[in-house]
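Geometric and topological summary
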Amino acid sequence: MIRQPAIRVFPYELNRSKVLIKKTKDGRTYNFLLTPLGALVNRVFMVGTIFSKEEITDDLLKVQISNPGSSFYIKAGKFTPGPREKLRKYEEGDFVAVVGKISVFQPEGSNRFLVSITPEEVNKVTNREMVYWIYDTSRKTLMRIRAMRAALDADNPTVDSLMEMGFPRYLAEGVMLALEKYGKDEIRIERFMDIVEKALMYIVPQEALVEKEEVSEEVPAEGVSTAEEEDLESKILAIIQSCDHEGDGARYEDIVSVAEDMGIPKEDFNRVFGELLYNGAIFEVRDGRYKVT
Amino acid sequence: MPGEDSQPSQIDTTEVIIMIDEKEFQEHVEDVLNALGKHDEDTRRVVEDMLRKYIFKLFMAEKDAKVRVVESLGGDPSKLSSTIQKKIADLRPGQKMLTVIGRILSIYSKEVEREGRVGKRYYGVLGDETGVIFFNAWYLPEGIEKGDVIRIDRAYVKEFAGRVQLYIGNNSIVTKLPKDYIPMVKMESKYHRIIDLRPGMRNVEVVAKILDAEKKNYIVGGEEKTAYSGIMADESGKILYTSWNYEPPVGKVLRIRGAYVNTFRRLPQVVFDERAEIEVLPDEDMEIKDRTVDIYYLLNRGGVDVKVEGVIVDVREGSGLVAQCPKCGERLDGNYCSQHGFVEVQYELRIKTVVDDGTGAVFVILNQEQSEKLLGMTLDECIKIAKESMNVGVIEKIARDKLFGLPVILKGNVLSSDKYGLLMLPKEVKSVEDSDVRERVMELYKEVVE
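Residues numbered from 1 in each chain as written. Chains lettered and ligands numbered in written order. Predicted model: local features only at pLDDT ≥ 70, side-chain atom pairs only at ≥ 80, totals over all residues. Heavy atoms only, no water.

Some points on the packing of helix 5 (residues 379-388) of chain B against helix 6 (residues 394-403) of chain B
All names here are of chain B.
- Interaxial distance between helix 5 and helix 6 falls to 9 Å at its minimum, and their mutual angle equals 120°. In terms of axis orientation, helix 5 runs oblique to helix 6. The segment helix 5 lies against helix 6, with Cys382, Ile385 and Ala386 engaging Val394, Ile395 and Ile398. (Axes fitted to C-alpha atoms, helices over the stretch in contact; angles between N-to-C directions. Helix = DSSP H or I, 4+ residues; strand = E, 2+ residues; numbered from the N terminus. Parallel < 35°, antiparallel > 145°, perpendicular 65-115°, else oblique. Contact = heavy atoms within 4.5 Å.)

Below, the structure is given as structure tokens:
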């Protein structure tokens, strides 16, 4: 079987996948996650910032990687000792690139998958690779959005009709499969378009930024946050704003130390900070500096 | 599978779909029914259910699943066909035990001496609705001629002299079928961009500019023939071509109807002769530019003089400093050559890597100069570092740390083989320029906001 390509996909899209596809070939099985935009994902290439590290057991290291709009987990266990040892040495705030297979777990009673990446190789990279990844992933997500839009706009789209419009076969097939499995109403392209736009804002030169009228974004809350949680969120948002002295983003270390001074437990801080980043309420301006959206 | 995770590896999903090639599956069902000698609906349903379960739930190999089904229904598994039926477009070098049904489009014979006996060897072109292939037969039943439809069991495919050929050996079984067994395919030529041409296609139309032509003479079937070969291109890419008995004008744009596509030295090639409809378009010109192509388009095809852009996702073992004997160039493990004894080792720099652009992956081998350029280190510097750390392998590690994740642009030929996938020994390699990315980001951003 041909080596599976490492798909470029924002974790936001990956985390919203609800369909797992098994393909068998010569008695071997390959798992593919079908995203709402029709990417069939068996292997991924991701770049992001190390957000947190957690030793689950002596053997298993769980690393949360954050990149525009969302975050994802790498789980390096005893079968991937090379990447695990490298990840152990890296520090929070480092940029890492990872190639790996997706690994899915479905909690009982849930209709969503928890996706993590089993790394084949990781490496510390620089700002340059991060920028290229955001660009590359934006471009490829946009391709999927275009193909999906074409399919949604057509009366009776087929793989052939999409290919006639110039989309490559893999894209046309993926889109048609996603349309069949998710249904028209489930696929909300605007959300993915939003993510692409936000991601590009990280890397587009400041002078090119277009002033846009504030459009109210209805990003529905993931689960209901309690009053306590909301309180924590607003506290942390306030800390980030207050630490942003020069207007070029608050340093992560400063945010952490102020939060500590205010008596916010490290555990809660990590969770809420992660959620804020995931929801796009805050974003990383550059290496280790954060701003409120 | 999350086998190594602390969480249970249970994937009891809301929706698990199994992708199957229904046509291939039905062929397996037919095969089992034939072996059982029953073709009634009830048996078919039982066989289908069992096969589905074995293949897609228990993930058994198709062959084993069939044996199991035939046994459990009281049949004789040895009656299962041991061959796989394939369409001509799906034939690839290395395939064995094939069943192929096709029409003889041309046939020649030749007296040859083999193991002291004089025999006849047949060769020609076989076609079905999906494509054409050269065949080479050590045996054919009496009276087979052009236009006949034949079924060949136990055929095999090999690449020989740059051509993918279907071989009919002494163990093969050839059966003549009625002429209308497969439709007479008299298709209109179908236009394709060069990048969409795939080996096995026939009766294609291309509009392309001839970039160069080299003349060679061959003896085919006792007749002298002239072939002109070179590269032709359209705006989507380049491809090899061979023109029989027609000299294409270099630098001109041609419209060719009725060509077919095969493989030459693991590269795609367009072939046409005087029977094709060839038209020179005197007023047309094409600007042939280096366009970046998605690796997806090169899968199972290869590419001539292509440009790909992707990220280094693997630096393979065997990269770094390679020790050689200065006298014979043999690769050494230490400083002992099996022919020349202990020698002063000579080092070379090599990088073996996988470049992936999100649509496909290419295995890439970089030569010394390219490796030096990408690493930003000369051979001498590498040798110095290796000597200081008393470890030759250290360069491989440095290469991995420096190159993994790096976006690169490669130019050159991409070879395709069934067994190893895509391989590239690039003519040119460079990392993607930051300024270039910045410009492209601006463009993309504008597109998105508008």
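Next comes the rest of the description.
A few points about the packing of aromatic side chains
Residues and elements named next belong to chain A.
- Considering all chains together, one arrives at 17 aromatic pairs over all chains under this definition.
- Residues Tyr252 and Phe273 carry aromatic rings whose centres are separated by 5.6 Å and whose planes lie at 65° to one another, so their mutual orientation is edge-to-face. Placement of the pair is Tyr252 in helix 8 (residues 252-261) and Phe273 in helix 9 (residues 266-279), with a sequence separation of 21 residues.
- Taken together, the ring pairs in this structure connect Phe51, Tyr252, Phe269, Phe273 and Tyr290 into an aromatic cluster.
- The ring of Phe32 is capped by Lys23, whose NZ or CZ atom sits 5.0 Å from the centre of that ring. (Phe/Tyr/Trp six-rings, centres within 6.5 Å; stacked < 30°, edge-to-face > 60°. Lys NZ or Arg CZ within 6 Å of the ring centre and 35° of its normal.)

With respect to the nonpolar core
- One finds Leu14(A), Leu33(A), Phe45(A) and Met46(A) to be the most contacted residues of the largest nonpolar core, which totals 85 residues.
- Sequence-distant contacts of Leu33(A), defined by excluding residues within four places in its chain, comprise Leu14(A), Ser17(A), Val19(A), Leu20(A), Ala39(A), Leu40(A), Val41(A), Ile102(A), Val104(A), Phe113(A) and Val115(A).
- Counting residues in hydrophobic clusters, the runner-up holds 36 residues, among them Val293(B), Leu366(B), Ala386(B) and Ala399(B). (Core = buried A, V, L, I, M, F, W, Y, C linked by side-chain atoms within 4.5 Å. Buried < 20%, exposed > 50% of the residue type's maximum accessible area, 1.4 Å probe, protein only.)

Considering the confidence of the model for chain B
All names here are of chain B.
- The predicted model of chain B averages 85 in pLDDT, with 92% of residues at 70 or higher.
- Across residues 1-15, confidence stays below pLDDT 50; counting only partners more than four residues off in sequence or on other chains, it has 38 contacts.
- In the model output, the complex is listed with pTM 0.71 alongside ipTM 0.73. (pLDDT = per-residue confidence, 0-100.)

Side note on the interface of chain B and chain A
- At the interface, 58 residues of chain B touch 68 residues of chain A.
- Interface of chain B and chain A: buried area, both sides summed, is about 5,600 Å²; carbon and sulfur atoms make up 62% of it.
- The tally of links between chain B and chain A comes to five salt bridges.
- A salt bridge links Lys86(A) to Asp401(B); the shortest N-O distance between them is 3.6 Å.
- The tally of links between chain B and chain A comes to 13 residue pairs in polar contact (both at pLDDT 80 or more).
- Elements with a contribution of two residues or more to the side of chain B that touches chain A: strand 1 (16-19), helix 2 (41-57), strand 17 (303-315), strand 21 (346-356), helix 6 and helix 7 (434-449) of chain B. (Buried area = accessible area lost by both parts, 1.4 Å probe. Salt bridge = Lys/Arg side-chain N within 4 Å of Asp/Glu carboxyl O. Polar contact = N/O pair within 3.5 Å; in protein donor to acceptor, adjacent residues only side chain to side chain.)

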